[in-house]
Each structure stands twice: as structure tokens, then as C-alpha cells.
Amino acid sequence: MNKPLVIKIGIIAFITLIFLIVLQMVSGTVWERKRFQIQAKNSVAKSWTGHQEVFGPILVLPYKITWQTQVWSKDGERKVAKQHSRTGQKWVMASALDQSTDVETEVRYQGIYKFPVYSSKIQIDGHFSTAGIKDIDTSYISGTDIRVEFDQPFIGIGIADARGINSVPKLDWVGETIDFSPGSRLGYMPSGLHTTVPKSFLVDGAKQTDLPFSVVISLRGMDQIIFYPVAKNYSLHVSSPWQHPKFIGNFLPLNRTISDAGFDAQWAVTSFATNMEDALQRCEAADCKLNNGDGFGINFIEPVDIYLQSERSLKYGLLFIILVFTAFFVFEILKKLPIHPIQYSLVGLAIAVFYLLLMSLSEHLNFSISYSLAALACVVLISFYLIFVLRNTRTACLFGGLLGLLYAMLYVIVSAEDFALLMGSGLVFAMLTLLMVTTRRIDWYQVGLPSPSVVSKVSSNPTAEADDSHAKEIQATD
């Protein structure tokens, strides 16, 4: 391989590396715009509400344990009784809990950005069992006259962002209507609401075996809503006109339907499948360790994240530049028409500008329309330029058509989230195959060297070239 060819390949490789840096700068711009979007989203959340979590209802029984122990008197002559006491809470989860939630969505704007928010109506029906409800563990106490006294019980419901409670809900408790008060009084999630309930079920001889209740909560939020299955038998039904739900948490819905009209999903979970009983026991000791993974719900995702789509497109930017530069280089070899490194650079710059056009347009227009406009602009510009670079309109249009086909394939790859890697690797393999087939007959050792016939002619008549050169000099002088 001759020296000029090696130098040309080195220059093309250097230009390619420069454009790798350029694409990284464009990627930085995408992330900067993404940060602006997050800031706008946080601003909407401050004026609306953030994501919501619903924990409860929980029946809380405050209690006080008293007992006596025998200790020596101060003078050490006799033993006297000493009173001890300890307070605590018993958290009781419902025997059965049935929640039905209707979620209405709308879009809020902050500058050029838009975000989905929701307003929900949560209907909660269930009952607590009185069996064993007064059982408090006193086995750790060594003393006499052990007594357990219960204070005023209450129902607590934790709400992640209490600003989202649209109206004061009422509790229907064993046929009696009771108003809620602010604050859940639950250590795990103190924001929310609570209400005291009558102590009649704690009185000896009470005939109640089940404590039915119901409550309706109007709750608004943003992004997602999570429910915690705090019941021995828990069921949840959620319906909404939102067409792009993402089900999150440890449990997927047993039944779900998603259509253009929205989605409908149903869950059914028992305490055997969760760690809620153990978790509530830890909560009694102020050691709650619940997280989103212990609950489940819906994330109201945006159907098209323009910055994610732009980022996916950028991953193939370097591949685009390499393919175009390779096509130019092969064209030079086959047609023996030199293309200057500056011309390589201008075409590569046009490809890089495509991604800036795509991102800026998609902030104001539909992503598909933005992609089409940006791709069309770049293909027309490069095709027009190549007419003068390649000195052949037909060849330039062919290059433009192939570039347009590449952009079309890239759009399919970006849109096909689940098959992006498969389609991308298939595209690379197809381009490599085309390159190998096209250049299969090229003798790379002879590229850039004079043809054998010319060398033979010059060798057999060494004075011919000199005479011809001398004649040209005389002609130029005349």
C-alpha cells in the first residue's frame, strides 16, 4: 500500500474522531435540555402535587402496660412494690380491603414542556376483625399484676403529599359517619389524615366480630400513584383514560386491558405474598422500612420522551458518519475522483447538525414530524453539495437517496424500543456486507499506484516523457 493512501486513510480517521467529539457535545446539549425539563417538572409539582402513595387504612390501638415488681426498700429491711409502666401502639391491618380508583388525567404546561397530572377518586371498603385484637404481648415482662389499658383508638391513612387531598373525606364506621382530621399519626408516613373511632369494640363482652368501614378520598397527583396492600386480603381496581400506563411494584395486575380508550387493571394480593404483617410490627416499634417496592401502582409515562428519542438517535451518529465517509472513500477508489478532507468535514458537519435540528424541532412539534423535517433538510443539503463534489448529478442523487434510506431505517430503530438492538446490529451487518461485496475485486496494494501499462510504456521509452514535457514547456512559452 502506497504512502499517499495511508495518509488519506489517516486523515479520514482523524476527521472521524473529531466528529466523535462533536457528537459528544451535541449529547451534552441533549442532557442540558433534559435537566431543564426536570426543573420545569419540579416547578409543576410544587404548584400541583408530586407523586402519591396511599398507605392504609390502619387501625391503631394505643395502649399502656402497668405491672409491679418487688424491690428492697431504701433502708434494705423489707421488700416493697414498685409500679412500672410502658406505652405503645398496636397496628391492626384490615381483614379485607377493596379499593376502587378512577383516575382522570390532564396535561399541564411549564414553558415549552408539558407533563401529565391526574385527579383520582379512591373508594375504600373493608372491615377489621375483632378476633385477637386485644392481644398484647407481655411475655417479656417479669412482674405481677400485669394490666393492659387501651387509649382512644384511631384510623390512620398515610398520603405521600397531603396537598393533593381535594376535599375533607368522611369515614363510615360501623354505620356511623366521622370526619377526618389532618395528619395520619403514623410514624412511617405522617402526612395524610386520621380520625378517632369509638372504643366500644374493646369493651369486654362486645358482640361485634367485624368492624366494617368505608371512605372516599379525592386525591390529585403527578407521575405515579402507589398503593400498599395493608390487608390480609387486598384487592385493587384502577381505571383511567390514560393510554400509556406503566405498571410498577412487586405485583403486576392479574387482569388488565389497554386500548385507545384508556386502561383498566385489577390486583388481588394476600398477606401470604407480602411482608406487611412483619412490616407493621416493625412500624409499631418506630422502625418502618417500607419502600416503593413493597407497594404497587401505575406510572403515567409520557408516550414519547423527545430527549430519550434524541439520545437513542445520537448513538447511531458516529455510525452514520463512518458509513458516509466509507462510501466517499470507496467512490474515490472506484471512480478515481479525489475528495478533499474539507469536503469530508462539511458533509460530516451536516450530519451532526441533524441531531440539533431534531432536538430543537421536537420541543415544539410532534417527534415524527420533527424527525422528517430534520432528515429532509440534511438530505437535500448534502445531495446539493455532492452534485459539485462528485461532479455527477445522478451519483449525488443516489448518495442522497441512500442517506435518506439510512435516516428512515434509523427512525424505525429508534421507534422500535424492544427491537432497537436487533435492528441496529442488522443494519451494521447489512452495510458491512454491501461494502465487502462492492470492494471484493479491488487490489488494495495497487490503489494509488500507476497502472502497469503506463509503467511499461515509460520504461520502454524513457526519452518520450522528457520530449513530451519539453514540448509542453515550449507550447506554454509560445
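Predicted model, so just to flag it, every value in this text is computed and none were measured.

## Quick word on the pairing of strand β12 (residues 231-240)
Relative to β12, strand β2 (residues 79-110) is paired through eight bridges, and the arrangement is parallel. Bridging across to β12, S100 finds its partner in H237. Two strands pair when backbone bridges link them, and β12 and strand β15 (residues 262-270) are joined in this way by eight bridges, in the antiparallel orientation. Paired with Y234 across the bridge in β15 is V269.

## Re the packing of aromatic side chains
All chains considered together, the criterion is met by 23 aromatic pairs. Look at F128 and W173: their rings are 6.3 Å apart centre to centre, the planes differ by 45°, and that puts the pair in the tilted class. Here F128, found in strand β3 (residues 113-129), pairs with W173, found in strand β6 (residues 170-173); they are 45 residues apart in sequence, far enough to count as distant. Each member of the pair, F128 as well as W173, is classed as buried. A ring pair is formed by F367 and Y371, whose centres lie 6.3 Å apart and whose planes are at 40°; its orientation type is tilted. Of this pair, F367 and Y371 are both found in helix α6 (residues 367-390), four residues apart, which corresponds to roughly one turn of the helix.

## Considerations on the pattern of salt bridges
Any two side chains of opposite charge can pair, given that their charged atoms come close. This model, assessed by the stated rule, comprises five salt bridges. The closest approach of N and O atoms between R33 and E363, which form a salt bridge, is 2.8 Å. Residue R33 is located in helix α1 (residues 3-47), and its partner E363 is located in the loop between α5 (341-362) and α6; the two are separated by 330 residues in the primary sequence. In this structure E363 comes out as buried when scored by relative accessible area, which is 13%. The residue K170 makes a salt bridge to D179 at a minimum N-O spacing of 2.4 Å. In this structure D179 comes out as partly exposed when scored by relative accessible area, which is 43%.

## Re the confidence of the model for the protein
Averaged over every residue, the pLDDT of the protein is 81; the share at 70 or more is 88%. This model gives residues 463-467 a pLDDT under 50, and the stretch forms one contact once residues within four places in sequence are excluded. Here residues 469-478 is modelled with pLDDT under 50, and outside its nearest four sequence neighbours on either side it reaches zero contacts, counting other chains as well.

## Examining the layout of surface pockets
Its boundaries defined by the atoms lining it, the largest pocket holds a volume of some 770 Å³. Taken together, 30 residues form the lining of the largest pocket, with L323, A327, F399, L402 and L434 sitting closest to its centre. Those elements that provide at least two residues to the lining of the largest pocket are α4 (317-335), α5, α6, α7 (393-415) and α8 (420-438). Residue contributions to the lining of the largest pocket peak at 11 residues, all from α4.

## Some details on the side chain of S383
Within the secondary structure layout, S383 lies in helix α6. Look past the residues within four positions of S383 in its chain and what remains in contact with it is A396 and G400.

## With respect to the nonpolar core
Counting residues in hydrophobic clusters, the biggest one holds 60 residues, and the most contacted among them are I351, F354, Y355, L386 and Y407. If you list the elements that add at least two residues to this core, you get α1, β3, α3 (306-314), α4, α5, α6 and α7. With residues near it in sequence (within four places) discarded, L386 still touches F328, V347, R391, A396 and F399. Counting residues in hydrophobic clusters, the runner-up holds 50 residues, among them Y118, F128, I133 and L171.

## A closer look at the environment of P245
As for its position among the elements, P245 is in strand β13 (residues 245-249). Here the alpha-carbon distance between P245 and I258, two residues 13 residues apart in the chain, equals 8.2 Å. Contacts of P245, omitting those with residues within four sequence positions, involve I258, F263, I298 and N299.

## With respect to the packing of α4 against α5
Packing of α4 against α5 leaves a shortest axis separation of 10 Å and a crossing angle of 155°. When the axes of α4 and α5 are compared, the pair comes out roughly antiparallel. Judged by the twist between their axes, the crossing of α4 over α5 is right-handed. Facing α4, whose interface residues are G317, F320, I321, V324, F325, F328, F329 and E332, α5 presents Y344, V347, G348, I351 and Y355. Across the contact of α4 with α5, the residue classes break down as 10 nonpolar, two polar and one charged.

## Some thoughts on unusual backbone geometry
With an omega of 5°, the peptide bond running from G56 to P57 counts as cis. Here V174, not a glycine, exhibits a phi torsion of approximately 50°, which is positive. Residue position: V174 is located in the loop between β6 and β7 (176-179). Classification of V174 by relative accessible area gives partly exposed; the value is 36%. Even without being glycine, R185 reaches a positive phi, approximately 60°. The exposure class assigned to R185 is partly exposed, which follows from its relative accessible area of 44%.

## A word on α4
The terminal C-alpha atoms of α4, which comprises 19 residues, lie 27 Å apart, in line with the 27 Å expected from a rise of 1.5 Å per residue. One or two steps after α4, the chain reaches K336, where phi turns positive at roughly 55°.

## Quick notes on the packing of α1 against α4
As a packed pair, α1 and α4 sit with axes 10 Å apart at the nearest point and diverge in direction by 160°. Classified by the interaxial angle, the pair formed by α1 and α4 is roughly antiparallel. In this structure, α1 crosses over α4, and the sense of that crossing is right-handed. Each of L5, K8, I9, I12, I15, T16, F19, L20 and L23 in α1 lies in contact with α4, whose residues at this interface are G317, L318, I321, I322, F325, F329, E332 and I333.

What counts and what doesn't
- Residues numbered from 1 in each chain as written.
- Predicted model: local features only at pLDDT ≥ 70, side-chain atom pairs only at ≥ 80, totals over all residues.
- Heavy atoms only, no water.
- Pairing = 2+ DSSP bridges.
- Helix = DSSP H or I, 4+ residues; strand = E, 2+ residues; numbered from the N terminus.
- Phe/Tyr/Trp six-rings, centres within 6.5 Å; stacked < 30°, edge-to-face > 60°.
- Buried < 20%, exposed > 50% of the residue type's maximum accessible area, 1.4 Å probe, protein only.
- Salt bridge = Lys/Arg side-chain N within 4 Å of Asp/Glu carboxyl O.
- pLDDT = per-residue confidence, 0-100.
- Contact = heavy atoms within 4.5 Å.
- 1 Å grid on protein atoms, 1.4 Å probe; cavity = no way out; pocket = protein on both sides within 12 Å on 5 of 7 lines; lining within 4 Å.
- Points joined across faces, edges and corners; volume = space filled by probe spheres on them.
- Core = buried A, V, L, I, M, F, W, Y, C linked by side-chain atoms within 4.5 Å.
- Axes fitted to C-alpha atoms, helices over the stretch in contact; angles between N-to-C directions.
- Parallel < 35°, antiparallel > 145°, perpendicular 65-115°, else oblique.
- Left-handed = near helix turned anticlockwise from the far one by under 90°.
- Nonpolar A, V, L, I, M, F, W, Y, C, P; charged D, E, K, R; others polar.
- Expected span 1.5 Å × (residues − 1).

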